Number of protein chains: 2
Amino acid sequence: MNPLEQKIIDSAVVMPGNILRVDSFLNHQLDMTVFDWIGGEFARRFEDDKITRVLTIESSGIGLACFTAYKLGVPAVFAKKNRTKNLGNDVYLSAVSSYTTGITYPVMVSRDYLCSSDRVLIVDDFLARGAALLGLIDVVNQSGASLAGCGIAIEKTFQNGGARIRDMGIRVESLARIKSMSDDGAVIFE
Amino acid sequence: MNPLEQKIIDSAVVMPGNILRVDSFLNHQLDMTVFDWIGGEFARRFEDDKITRVLTIESSGIGLACFTAYKLGVPAVFAKKNRTKNLGNDVYLSAVSSYTTGITYPVMVSRDYLCSSDRVLIVDDFLARGAALLGLIDVVNQSGASLAGCGIAIEKTFQNGGARIRDMGIRVESLARIKSMSDDGAVIFE
């Protein structure tokens, strides 16, 4: 069992509707020991891939992308969900429909920070149905950059996002692969 | 001139309306060398303050809070602007009116991640009129935690947020203090 899986067993809470609450260490309070391990692990798995930028989406992915990018010695870029005054108009634009919230939101990255000479590693905290990841992959494709793969902290393999993205020929590295969760709180890894 | 001030001179863009675009290194693309320096500097300035948690607000503060928290050996916590399913209902709640966007949004932190025994360092990317910072200070006060101070990357000292918060007796450490910006792109530091 790796440090992230151990942390899930110790601290995550299974909620009705196959929701795994990891707000004590991953997406509200952030445990820097866990983040440091995750970033190091993504960097190690993609160290020979000549990554030039690490791409994620606000907000929960940002900390993980930072640790990964720092260890790879490259910048991180986070896609924005809201158009802010300082984003500018020249953006790659995709759309994501969140199953959890039922909301469709834009995914925007300035054209200044992804280009055809880039080799991109996408990083995110969760992979379930894959909606957010597909939006980020679309943005990478629009930019003409090449995609080295995706580093995911927690994949729910009982949902179809991972299979769908791997079927596109994209490398997905997930550090904790959850096969099932039960209402009594048990989490079973692959 | 410190590394952040140098980066501002080299890469920031002055926009009409006293907006400083730093999206090439601070709040869209993230330059890990700059983040590492900022986090180290906040940690050094508050190293004797027995910090137990670093608090910020999504999204631009998260990377800075991570580097600071990592170096202090404590968790980071980021306040949320949207109520998500996994946040729960038991939150400290404040409100922020953004001058830049004209929107009022909630600031929420779970009661699980701030308590009266905490000693908190607030970290954020910008301090101008101080709206976001006042929301975070309100959350800390609601929790009963003690506030060690605020670490700010860029303060616009020609706006009144910094003076207002220092007048409350709160320590504010800003790493780049901008006295004025002109439409021809010049940035003058204090």
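Quick caveat: nothing in here was measured; it's all calculated off a predicted structure.

## What about the overall build of chain A?
The number of helices and strands found in chain A is five helices and 11 strands. Taking 190 residues into account, the globule formula puts the C-alpha radius of gyration at 16 Å, and chain A, at 16 Å, falls close to it. In terms of principal-axis extent, the alpha carbons of chain A reach across some 50 × 35 × 35 Å. For chain A, buried positions account for 58% of its 190 residues. Residue pairs at least 24 apart in sequence account for 60% of intrachain contacts in chain A once pairs closer than 6 positions are excluded. Once the 20 positive and 22 negative side-chain charges of chain A are each reduced to a mean point, those two points are 4 Å apart.

## Focus on the sheet that holds strand 10 (residues 172-181) of chain A
Within the open sheet, the seven strands sit side by side as 11(A)-10(A)-9(A)-8(A)-4(A)-5(A)-3(B). Their pairing is mixed. Every other strand in the sheet has two partners, leaving strand 11 (187-189) of chain A together with strand 3 (29-30) of chain B as the edge strands with one partner each. Judged from the six bridges that link them, strand 9 (residues 146-156) of chain A and strand 10 of chain A form a sheet pairing that is parallel. Residue pairing for strand 10 of chain A: A:Cys150 is matched across the bridge by A:Val172. Across the sheet, helix 4 (residues 131-143) of chain A lies against strand 4 (53-57), strand 5 (76-79), strand 8 (119-127) and strand 9 of chain A, angled at about 170° from strand 8 of chain A, the strand it touches most.

## Thoughts on the packing of aromatic side chains
All chains considered together, the criterion is met by five aromatic pairs over all chains. Summarising the aromatic geometry, the rings of A:Phe67 and B:Tyr70 are spaced 5.6 Å apart at their centres and angled 80° between planes, so their arrangement reads as edge-to-face. Remark: B:Tyr70 occurs in helix 3 (residues 61-72) and A:Phe67 occurs in helix 3 (residues 61-72); the pair is interchain, linking two chains. Among the aromatic residues, those joined into a cluster by ring pairs are A:Phe35, A:Phe67, A:Tyr70, B:Phe35, B:Phe67 and B:Tyr70. Cation over ring: B:Lys81 sits above B:Tyr105, and NZ or CZ is 4.8 Å from the ring centre. When the ring centre of B:Phe46 is taken as origin, the NZ or CZ atom of B:Arg171, which lies over that ring, is 4.0 Å away.

## Observations regarding the relation of the copies chain B and chain A
When chain B is fitted to chain A, the residual RMSD is 0.0 Å, and the transformation amounts to a turn of 180° plus an axial shift of 0.0 Å. Read as a symmetry element, the transformation amounts to a two-fold axis. A shared binding surface is used by both copies, with 100% of the interface residues of chain B retained as interface residues in chain A.

## Topic: the interface of chain B and chain A
Contacts between the two partners involve 36 residues from chain B and, on the opposite side, 36 residues from chain A. The contact between chain B and chain A buries some 3,300 Å² in all, and 59% of this surface belongs to carbon and sulfur atoms. There are zero salt bridges connecting chain B and chain A. The tally of links between chain B and chain A comes to 18 residue pairs in polar contact (both at pLDDT 80 or more). For the side of chain B that touches chain A, the secondary-structure elements that each account for two or more residues are strand 2 (19-21), strand 3, helix 2 (32-45), helix 3, strand 5 (76-79) and strand 7 (104-110) of chain B. Per element, the largest residue contribution to the side of chain B that touches chain A is six residues, and it comes from helix 3 of chain B. Residue classes in the side of chain B that touches chain A are distributed as 17 nonpolar, 11 polar and eight charged. Where strand 5 of chain A lies against strand 3 of chain B, two bridges are found, and the strand directions are antiparallel. The residue bridging A:Val77 from the neighbouring strand is B:Gln29, located in strand 3 of chain B.

## A few points about the sheet that holds strand 10 (residues 172-181) of chain B
Pairing within the open sheet is mixed, and its seven strands lie in the order 3(A)-5(B)-4(B)-8(B)-9(B)-10(B)-11(B). In this open sheet, the two strands that pair with only one neighbour each are strand 3 (29-30) of chain A together with strand 11 (187-189) of chain B. Strand direction decides the pairing type here: strand 10 of chain B and strand 11 of chain B, joined by three bridges, are antiparallel. Its bridge partner being in strand 11 of chain B, B:Ile178 is matched across the sheet by B:Phe189. Against the sheet, helix 2 of chain B makes contact with strand 8 (119-127), strand 9 (146-156) and strand 10 of chain B, and its axis sits at roughly 125° relative to strand 10 of chain B, the strand it touches most.

## Some remarks on helix 1 (residues 3-11) of chain A
All names here are of chain A. Residues of helix 1 that are buried: Leu4, Glu5 and Ile8. Each buried residue of helix 1 lies within a common arc of 100° when the element is viewed along its axis, so the set occupies one face. Turning to helix 1, the residues buried within the fold contact strand 2 (19-21), helix 2 (32-45), strand 9, strand 10 and strand 11. With a side-chain oxygen positioned 2.9 Å from the backbone nitrogen of Leu4, the residue opening helix 1 is Asn2.

## Looking at the environment of B:Gln142
Residues and elements named next belong to chain B. With respect to the helices and strands, Gln142 occurs in helix 4 (residues 131-143). Sequence separation between Gln142 and Pro16 is 126 residues; the distance between their C-alpha atoms is 37 Å. Setting aside residues no more than four positions away along its own chain, Gln142 makes contact with Tyr92, Leu93 and Ser94. A distance of 3.0 Å separates the side chain of Gln142 from the backbone oxygen of Leu93, its partner in a polar contact.

## Topic: the side chain of B:Ser143
Residues and elements named next belong to chain B. With respect to the secondary-structure elements, Ser143 resides in helix 4. Classification of Ser143 as buried rests on a relative accessible area of 7%. Among residues more than four places away in sequence, those in contact with Ser143 are Tyr92, Leu114, Cys115 and Ser116.

Reading the values: the criteria
Residues numbered from 1 in each chain as written. Chains lettered and ligands numbered in written order. Predicted model: local features only at pLDDT ≥ 70, side-chain atom pairs only at ≥ 80, totals over all residues. Heavy atoms only, no water. Helix = DSSP H or I, 4+ residues; strand = E, 2+ residues; numbered from the N terminus. Rg over C-alpha atoms; globule rule 2.2 N^0.38 Å. Buried < 20%, exposed > 50% of the residue type's maximum accessible area, 1.4 Å probe, protein only. Contact = heavy atoms within 4.5 Å. Lys, Arg positive; Asp, Glu negative; His and termini not counted. Charge placed at Lys NZ, Arg CZ, Asp CG, Glu CD. Pairing = 2+ DSSP bridges. Axes fitted to C-alpha atoms, helices over the stretch in contact; angles between N-to-C directions. Phe/Tyr/Trp six-rings, centres within 6.5 Å; stacked < 30°, edge-to-face > 60°. Lys NZ or Arg CZ within 6 Å of the ring centre and 35° of its normal. Least-squares fit on C-alpha atoms with pLDDT ≥ 70 in both. Buried area = accessible area lost by both parts, 1.4 Å probe. Salt bridge = Lys/Arg side-chain N within 4 Å of Asp/Glu carboxyl O. Polar contact = N/O pair within 3.5 Å; in protein donor to acceptor, adjacent residues only side chain to side chain. Nonpolar A, V, L, I, M, F, W, Y, C, P; charged D, E, K, R; others polar. Arc of directions from axis to C-beta.

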